[in-house]
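Residue-level structural notes
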Amino acid sequence: MSIRNLERMYAPRSVALVGASAREGSVGNVLLRNLLAAGLPGPVWAVNPRGGRIGEVEVYKDVASLPGTPDLAVIATPPQTVPGLISELGARGTKAAVVITAGFGELGEKGRALQAEMLEAAKPHLLRIAGPNCLGIMTPGNGLNASFGHVQPEKGNVAFVSQSGAVVTAVLDWATSRGIGFSHVASLGGMSDVDFGDMLDFLAADPHTKSILLYIESVRDARKFMSAGRQASRLKPVIVIKSGRHEAGARAAASHTGALAGSDAVYQAAFRRAGMLREDGIEDLFDAVETLSARSERRPILGDRLGILTNGGGVGVIATDFLIDEGGRLADISPETIEALDAVLPRT
């Protein structure tokens, strides 16, 4: 299905939160607070069978009572209610949903059956689903924070897509304290529908995204991932942090999101072939965010030649040898550039 209706998911004109709550600190309460604080231009509607109000917000008792059709639904209700809600929302014309609720594929056969029921309910309406069992999604430039994270991310040019909500919160904490922003933040969770291949296709075409960072525990559709990865990496830097490199880590990934991590050697070869750069560990993840953010703020480099400026001749020679070994070309410095450099650089 690829990028169909993902624009409705990440740039919605209206959002309905099903499972809104007045209870302070609850997931439904944090979701509502984040949605309202992010500055979405369109309406944010709250749904809860009790009705009433939550602060200044009117609460509708069910989806049928909503005053309009939401582009995006955020669902935080018990798992057994989700397939019915997806069916009702799809019939009404909603084209995207973020299912925060856990209790699906990660819980074994019964959960997988419920997940299949949810997907069947979405299929006739072409309704796209992020999740289940996810932190949510954010598009700071569009005023969207459909997550229960505790910080509002800043606007930037780096897209971060993660299978783990906890990794998202760690990165957002670190990045926000340093003034680093994002074009998109997506917690994919169980990846019942929208997966890494879909997000790579979507982000490759997004003009506000200059680079892409992925945290991966597993890939569900290898062929789609490889095709999307090759295309995206031709246009923008794509950096991958892949966990579950060893057997124990792979077992932990399976218990976390129901992921079957597979052979790490296969993943390593796939990333290399697709043109993605792989890094390891949480420190590498932070470094990647900082590097990609800094890169997106600089003027892009044109051409394929490199000029080397050094305060020592020996290191200049070493750098030149390395450049040539790696297939690069040394730039020819014009007399005018040499004259300009002589005017400002000290003579030895």
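**Let's talk about the packing of helix H3 (residues 82–92) against helix H4 (residues 109–122)**
- Look at H3 against H4: their axes get within 8 Å of each other, and the N-to-C directions meet at 5°. Classified by the angle between their axes, H3 and H4 sit roughly parallel to one another. On the side of H3, the interface is formed by Val82, Pro83, Ile86 and Ser87, while H4 contributes Leu114, Glu117, Met118, Ala121 and Ala122.
- The residue makeup of the contact of H3 with H4, split by class, is 7 nonpolar, 1 polar and 1 charged.

**Points about the environment of Leu277**
- Here Leu277 shows up in strand S14 (residues 277–279).
- The exposure class of Leu277 is partly exposed, given its relative accessible area of 44%.
- Between the alpha carbons of Leu277 and Asp62 there is a distance of 46 Å; along the sequence they are 215 residues apart.
- Sequence-distant contacts of Leu277, defined by excluding residues within four places in its chain, comprise Val238, Ile239 and Val240.

**Some words on the packing of aromatic side chains**
- Applying the stated criterion to the full structure yields 4 aromatic pairs.
- Ring geometry for Trp174 against Phe286: centres 5.0 Å apart, planes inclined by 5°, an arrangement best described as stacked. With Trp174 in helix H5 (residues 165–176) and Phe286 in helix H10 (residues 281–297), the pair connects residues that are 112 residues apart, well separated along the chain.
- Judged by centre distance (5.9 Å) and plane angle (40°), the ring pair of Tyr267 and Phe271 falls under tilted. With Tyr267 and Phe271 both in helix H9 (residues 264–274) and 4 residues apart, the pair spans about one turn of that helix. The same class applies to Tyr267 as to Phe271, namely buried.
- An aromatic cluster of at least three residues, connected via ring pairs, comprises Phe225, Tyr267 and Phe271.

**Quick look at empty space enclosed by the protein**
- Across all of its chains, the model carries 1 cavity of 30 Å³ or more by this definition.
- In this model, the largest cavity occupies a volume close to 30 Å³.
- Around the largest cavity, the lining residues are Asp195, Phe196, Gly197, Val219, Arg220, Asp221, Lys224 and Phe225.
- Looking at the lining of the largest cavity, the elements that each hand over two or more residues are helix H6 (196–204) and helix H7 (222–235).
- Tallied by class, the residues present in the lining of the largest cavity amount to 3 nonpolar, 1 polar and 4 charged.

**Here we look at the sheet that holds strand S1 (residues 15–18)**
- Read across the sheet, 7 strands follow the order S3-S4-S2-S1-S5-S6-S7 without closing on themselves; strand pairing throughout is mixed. The sheet terminates laterally at strand S3 (53–54) and strand S7 (128–130), the two strands that pair on one side only.
- Sheet topology places S1 next to strand S2 (residues 44–47); 4 bridges connect them, and they run parallel. Of the residues in S2, the one forming a bridge with Leu17 is Ala46.
- Sitting on the sheet, helix H2 (residues 27–37) touches S1, S2, S3, strand S4 (57–60) and strand S5 (72–75), and the angle it makes with S1 is about 165°.

**Structural notes on the confidence of the model for the chain**
- Per-residue pLDDT for the chain averages 90, and the proportion of residues at 70 or more is 91%.
- Considering only residues more than four positions removed or in separate chains, one finds that residues 248–261, a stretch of pLDDT under 50, has 30 contacts.

**Considering the pattern of salt bridges**
- Under the criterion given, the structure shown has 10 salt bridges.
- With a closest N to O distance of 3.0 Å, Lys123 and Glu120 form a salt bridge.
- The class for Glu120 is partly exposed, based on a relative accessible area of 48%.
- The partner of Arg128 in a salt bridge is Asp193, and the shortest N-O contact between them spans 2.9 Å. With Arg128 in strand S7 and Asp193 in the loop between strand S11 (181–187) and H6, this pair connects stretches of sequence that are 65 residues apart.
- Residue classification places Arg128 among the buried positions, given a relative accessible area of 0%.

Calculation criteria
- Residues numbered from 1 in each chain as written.
- Predicted model: local features only at pLDDT ≥ 70, side-chain atom pairs only at ≥ 80, totals over all residues.
- Heavy atoms only, no water.
- Axes fitted to C-alpha atoms, helices over the stretch in contact; angles between N-to-C directions.
- Helix = DSSP H or I, 4+ residues; strand = E, 2+ residues; numbered from the N terminus.
- Parallel < 35°, antiparallel > 145°, perpendicular 65-115°, else oblique.
- Contact = heavy atoms within 4.5 Å.
- Nonpolar A, V, L, I, M, F, W, Y, C, P; charged D, E, K, R; others polar.
- Buried < 20%, exposed > 50% of the residue type's maximum accessible area, 1.4 Å probe, protein only.
- Phe/Tyr/Trp six-rings, centres within 6.5 Å; stacked < 30°, edge-to-face > 60°.
- 1 Å grid on protein atoms, 1.4 Å probe; cavity = no way out; pocket = protein on both sides within 12 Å on 5 of 7 lines; lining within 4 Å.
- Points joined across faces, edges and corners; volume = space filled by probe spheres on them.
- Pairing = 2+ DSSP bridges.
- pLDDT = per-residue confidence, 0-100.
- Salt bridge = Lys/Arg side-chain N within 4 Å of Asp/Glu carboxyl O.

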